[in-house]
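Inside the fold
Each chain is listed here by its residues.
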Amino acid sequence: MVIAVTYQNGDVFQHFGKTQEFKIYTCDGSSVTESKVVGTEGKGHGELVGFIKDKKAEVLICGGLGGPAKSSLEEAGIKVYGGVQGKADQAVQDFLQGKLSYNPDVHCDHHHDHEEGGEHNCHSGKC
């Protein structure tokens, strides 16, 4: 199994469409056998679905994401676990142990501007 996690400085990055890196984990079912951080090569929003599909990801763990991205990921056969916060490595371990805390209804609408200098936080299901 291959798991992609939106990634920044060891943490689950909170905006799928703006992530600049993913951490890609290869797992044997119960443990991680390999992991590596990969840059998105400047891709954003719609291009990221194809990017992680090319990495053979079957699962995406992320913070917030919009409805179109979530639909595109699901259509590509990638199971989405959104609304996740904290360390990426721990999130993957929690997923593998069946105890990942996530929000199945996470939805982030970015047709608005965040306040300058404001913290972006989509884990609650709303921005």
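Everything below is about the structure printed above this text.
Notes on the structure follow. What you see is a predicted model; the values in this text were computed from it and never measured.

1. Considering the overall build of the protein chain
- Scanning the protein chain from N- to C-terminus turns up three helices and six strands.
- N-terminal to C-terminal, the α/β element order of the protein chain is β-β-β-β-α-β-α-β-α.
- Looking at the 127 residues of the protein chain, the share that counts as buried comes to 44%.
- Within the protein chain, contacts between residues at least 6 apart in sequence are counted, and of these 49% link residues at least 24 apart.
- As presented, the protein chain carries roughly 7,000 Å² of accessible surface, and 43% of it is formed by carbon and sulfur atoms.

2. As for the environment of Leu96
- Relative to the assigned elements, Leu96 resides in helix α3 (residues 88-96).
- Counting along the chain gives 66 residues from Leu96 to Ser30, while the straight-line C-alpha distance between them is 5.6 Å.
- Residues within four places of Leu96 in sequence aside, it is in contact with Ile3, Cys27, Gly29, Ser30, Ser31 and Val32.

3. A word on the pairing of strand β4 (residues 32-39)
- Note: strand β3 (residues 21-27) against β4, seven bridges, orientation antiparallel. Of the residues in β4, the one forming a bridge with Ile24 is Lys36.
- Joining the antiparallel neighbours β3 and β4 is a turn of four residues, in which Gly29 adopts a positive phi near 115 degrees.

4. Let's talk about the side chain of Asp94
- For Asp94, the position within the fold is in helix α3.
- At a separation of 2.8 Å, a polar atom in the side chain of Asp94 contacts the side chain of Gln90.
- Excluding residues within four positions of it along the chain, Asp94 makes contact with Lys99 and Leu100.

5. Focus on the pairing of strand β1 (residues 2-8)
- In terms of burial, β1 is largely enclosed, as six of its seven residues are buried.
- The pairing of β1 with strand β2 (residues 11-12) spans two bridges and is classified as antiparallel. If you follow Gln8 over to β2, its bridge partner there is Asp11.
- The antiparallel hairpin formed by β1 and β2 contains two residues in its connecting segment, where Asn9 sits at a positive phi of about 50 degrees.

6. Remarks on the environment of Tyr7
- Looking at the secondary structure, you find Tyr7 in strand β1.
- Those residues in contact with Tyr7, other than ones at most four positions away along the chain, are Phe13, Thr19, Glu21, Phe22, Lys23, Val37 and Ala88.

7. Looking at the nonpolar core
- Counting residues in each nonpolar core, the largest one holds 19 residues, and the members touching the most others are Ala4, Phe16, Phe22, Ile52, Leu60, Leu65 and Leu73.
- Where this core is concerned, the elements lending two or more residues are β1, β3, α1 (46-54) and α2 (67-75).
- A total of four residues in this core trace back to one element, the largest contributor, which is α1.
- The next biggest cluster of nonpolar side chains, apart from the first, holds 16 residues, and it includes Val12, Cys27, Tyr81 and Phe95.

8. Focus on the pattern of salt bridges
- Summed over all chains, the structure comprises three salt bridges.
- Taking the shortest distance from any N to any O, the salt bridge between Lys87 and Asp11 comes out at 3.2 Å. A residue pair is termed long-range when its members are at least 10 positions apart, and Lys87 in the loop between β6 (79-81) and α3 and Asp11 in strand β2 qualify at 76 residues.
- A residue is classified by how much of its surface remains accessible, and Asp11, at 29% relative accessible area, is partly exposed.
- Where Glu41 meets Lys43, a salt bridge forms, and the shortest distance between an N and an O atom there is 3.6 Å.

Rules used in this analysis
- Residues numbered from 1 in each chain as written.
- Predicted model: local features only at pLDDT ≥ 70, side-chain atom pairs only at ≥ 80, totals over all residues.
- Heavy atoms only, no water.
- Helix = DSSP H or I, 4+ residues; strand = E, 2+ residues; numbered from the N terminus.
- Buried < 20%, exposed > 50% of the residue type's maximum accessible area, 1.4 Å probe, protein only.
- Contact = heavy atoms within 4.5 Å.
- Areas by Shrake-Rupley, 256 points an atom, 1.4 Å probe, with all protein chains shown as cover.
- Pairing = 2+ DSSP bridges.
- Polar contact = N/O pair within 3.5 Å; in protein donor to acceptor, adjacent residues only side chain to side chain.
- Core = buried A, V, L, I, M, F, W, Y, C linked by side-chain atoms within 4.5 Å.
- Salt bridge = Lys/Arg side-chain N within 4 Å of Asp/Glu carboxyl O.

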